[in-house]
Amino acid sequence: MEGTNPVNKKLAVALSGGAVLVLALSGCGGDDGNEKLDAWAKQVCDGVKPQAKKIEAANAAIQKETSDNSTPADVQKTDAQAFQDMADSYQAIGAAVNTAGAPNVDGGETKKTNAVKELNDISASYASLKKQVDGLDTKNQAKFADGLKGVATQLDKLSQSGNDALKALEEGDVGKAMAKQESCKSTPASPAVSSKAG
């Protein structure tokens, strides 16, 4: 199964970049004393936390698959499920932000709308990757490895593509309010967090 593993490893590396998107929702400390904003932040963070865990679990499943000598069929099944989970999670985070409404800051409505659109776009991208993985030929090792390479390339682009609307949502007071929420504090164990530093 040597043909699959290096490619699937590339997939795992690209995927861990994608996890940063959710873990970016952790703010950077501070206190602003804005009760409305704090309530908004709590609602969003509480909605994000279970989804962030789900995305990390999907990430871990792909990472594990790369360390095993897995058959193409196993890799296909694991990766497709992971992408489906990620698509669902990003959609749920978009819904959480949408339900919370606009944060109580200047331009809050625009920030919310843009962030929800971005999250839904990311969700659609993962759904599309799942379809791609589902369509790979697991009977032919070389073809499968090639197909997986294409998925890894797209995933790499997705993990590097701007999450600008999310960054904009978290600027200033919103970020400070989110940083105070227990449910928005990233788990130190996650490799994605350290890559976010700076």
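Computed from a predicted model, the values in this text were never measured in an experiment.

**Structural notes on the packing of aromatic side chains**
Applying the stated criterion to the full structure yields two aromatic pairs. Seen in terms of ring centroids, Tyr90 and Tyr126 are 5.6 Å apart; in terms of plane orientation they differ by 5 degrees. Their pairing is stacked. Of this pair, Tyr90 sits in helix α3 (residues 72-100) while Tyr126 is found in helix α4 (residues 108-134), placing the two residues 36 residues apart along the sequence. Tyr126 sits in the buried class, given a relative accessible area of 1%. Put simply, the rings of Phe83, Tyr90 and Tyr126 pair up and form one aromatic cluster.

**Description of the pattern of salt bridges**
Tallied over the full model, the rule gives six salt bridges. Linking Asp38 and Lys180 is a salt bridge whose minimum nitrogen-to-oxygen distance equals 3.2 Å. Within this pair, whereas Asp38 is found in helix α2 (residues 35-67), its partner Lys180 is found in the loop between α7 (172-179) and α8 (191-194), the two being separated by 142 residues in sequence. Accessibility expressed as a relative area gives 30% for Lys180, which makes it partly exposed. A salt bridge links Lys42 to Asp46; its shortest N-O distance comes to 2.7 Å. With a gap of four residues between them, Lys42 and Asp46 both fall in helix α2, about one helical turn apart. Overall, Lys42 belongs to the partly exposed group, its relative accessible area being 43%.

**Comments concerning the environment of Glu56**
For Glu56, the position within the fold is in helix α2. Judged by its relative accessible area of 26%, Glu56 falls in the partly exposed class. With 30 residues separating them in the primary sequence, Glu56 and Met86 have C-alpha atoms 9.0 Å apart.

**Digging into the nonpolar core**
Counting residues in hydrophobic clusters, the biggest one holds 35 residues, and the most contacted among them are Trp40, Val44, Phe83, Tyr126, Leu129 and Met178. Elements with a minimum of two residues in this core: α2, α3, α4, α5 (141-160), α6 (164-169) and α7. It is α2 that contributes the most residues to this core, ten residues altogether. Once residues within four sequence positions are removed from consideration, Val44 is found in contact with Ala96, Val97, Ala100 and Met178.

**Describing the environment of Lys54**
Its location among the elements puts Lys54 in helix α2. Linking Lys54 and Tyr90, residues 36 residues apart in sequence, is a C-alpha distance of 10.0 Å. In contact with Lys54, not counting residues within four places along its chain, are Asp85, Asp88 and Ser89.

**Observations regarding the packing of α3 against α5**
Helix-helix packing is characterised by the crossing angle of the two axes and by the distance between the axes. Contact geometry of α3 with α5 gives a least axis separation of 11 Å together with a crossing angle of 20 degrees. On the basis of the axis angle, α3 is roughly parallel to α5. The two elements α3 and α5 cross, and the hand of that crossing is left-handed. Here Pro72, Val75, Gln76, Asp79 and Phe83 of α3 lie close against α5, whose contacting residues are Gln141, Phe144, Leu148, Val151 and Leu155. Its residues assigned to classes, the contact of α3 with α5 comprises seven nonpolar, two polar and one charged.

**A few points about α4**
Taking 1.5 Å of rise per residue, 27 residues should cover 39 Å, and α4 covers 39 Å from first to last C-alpha, within 8% of that figure. When we look at burial in α4, the residues that qualify are Gly108, Lys111, Lys112, Ala115, Val116, Glu118, Leu119, Ile122, Ser123, Tyr126, Leu129 and Val133.

**Side note on the environment of Pro50**
By the secondary structure assignment, Pro50 is in helix α2. Residues Pro50 and Ser89, 39 residues apart in the sequence, show an inter-C-alpha distance of 8.6 Å.

**A short note on α5**
Taking 1.5 Å of rise per residue, 20 residues should cover 28 Å, and α5 covers 28 Å from first to last C-alpha, within 8% of that figure. Buried residues of α5: Phe144, Ala145, Gly147, Leu148, Val151, Ala152, Leu155, Leu158 and Ser159, and no others. The buried residues of α5 all sit within an arc of 160 degrees when viewed along its axis, so they share a single face. Residues of α5 that are exposed and angled more than 90 degrees away from the buried face: Ala142, Lys143, Asp146, Lys157 and Gln160. Between the side-chain oxygen at the start of α5 and the backbone nitrogen of Ala142 there is a gap of 3.1 Å, and the oxygen is on Asn140.

Reading guide: rules and limits
Within every chain, residues take consecutive numbers counted from 1 along the sequence as written. Two thresholds apply to this predicted model, a pLDDT of at least 70 for residue-level local features and 80 or more for giving and counting side-chain atom pairs, whereas whole-chain, interface and lining totals are computed over all residues. Hydrogens and water are ignored here; the side-chain numbers use all heavy atoms of the structure. Ring pairs are drawn from Phe, Tyr and Trp, using the six-membered ring of Trp, whenever the two centres fall within 6.5 Å, and their geometry is named by plane angle: stacked under 30 degrees, edge-to-face over 60, tilted for the rest. A run of H or I in DSSP counts as a helix once it spans at least four residues, and a run of E counts as a strand once it spans at least two, with each numbered from the N terminus. Only protein chains enter the area calculation, which uses a 1.4 Å probe; residues under 20% of their type maximum are buried, those over 50% are exposed, and those in between are partly exposed. The rule for a salt bridge is simple: a side-chain nitrogen of Lys or Arg has to be within 4 Å of a carboxyl oxygen of Asp or Glu. Among buried residues, those of type Ala, Val, Leu, Ile, Met, Phe, Trp, Tyr and Cys that are joined through side-chain atoms within 4.5 Å constitute a nonpolar core. Whether two residues touch is decided by their heavy atoms; if any such pair falls within 4.5 Å, the residues are in contact. What counts as an axis is a line fitted to C-alpha atoms, over the stretch in contact for a helix, and the angles between N-to-C directions run from 0 to 180 degrees. Should an angle fall under 35 degrees it is called roughly parallel, over 145 degrees roughly antiparallel, and 65 to 115 degrees roughly perpendicular, with every other angle called oblique. Working rule for handedness: look at the near helix, and if it is turned counterclockwise from the far one by less than a right angle, call the crossing left-handed; if clockwise, right-handed. Note on residue categories: nonpolar means Ala, Val, Leu, Ile, Met, Phe, Trp, Tyr, Cys or Pro, charged means Asp, Glu, Lys or Arg, and polar means any other residue, Gly included. Take the number of residues in a helix, subtract one, and multiply by 1.5 Å to get its expected span. The directions considered for the arc are those from the helix axis to the C-beta atoms. Distance and chemistry together define a polar contact, namely a pair of N or O atoms within 3.5 Å, with one atom able to donate a hydrogen and the other to accept it when in protein, and with adjacent residues in sequence counting only for side-chain atoms on both sides.

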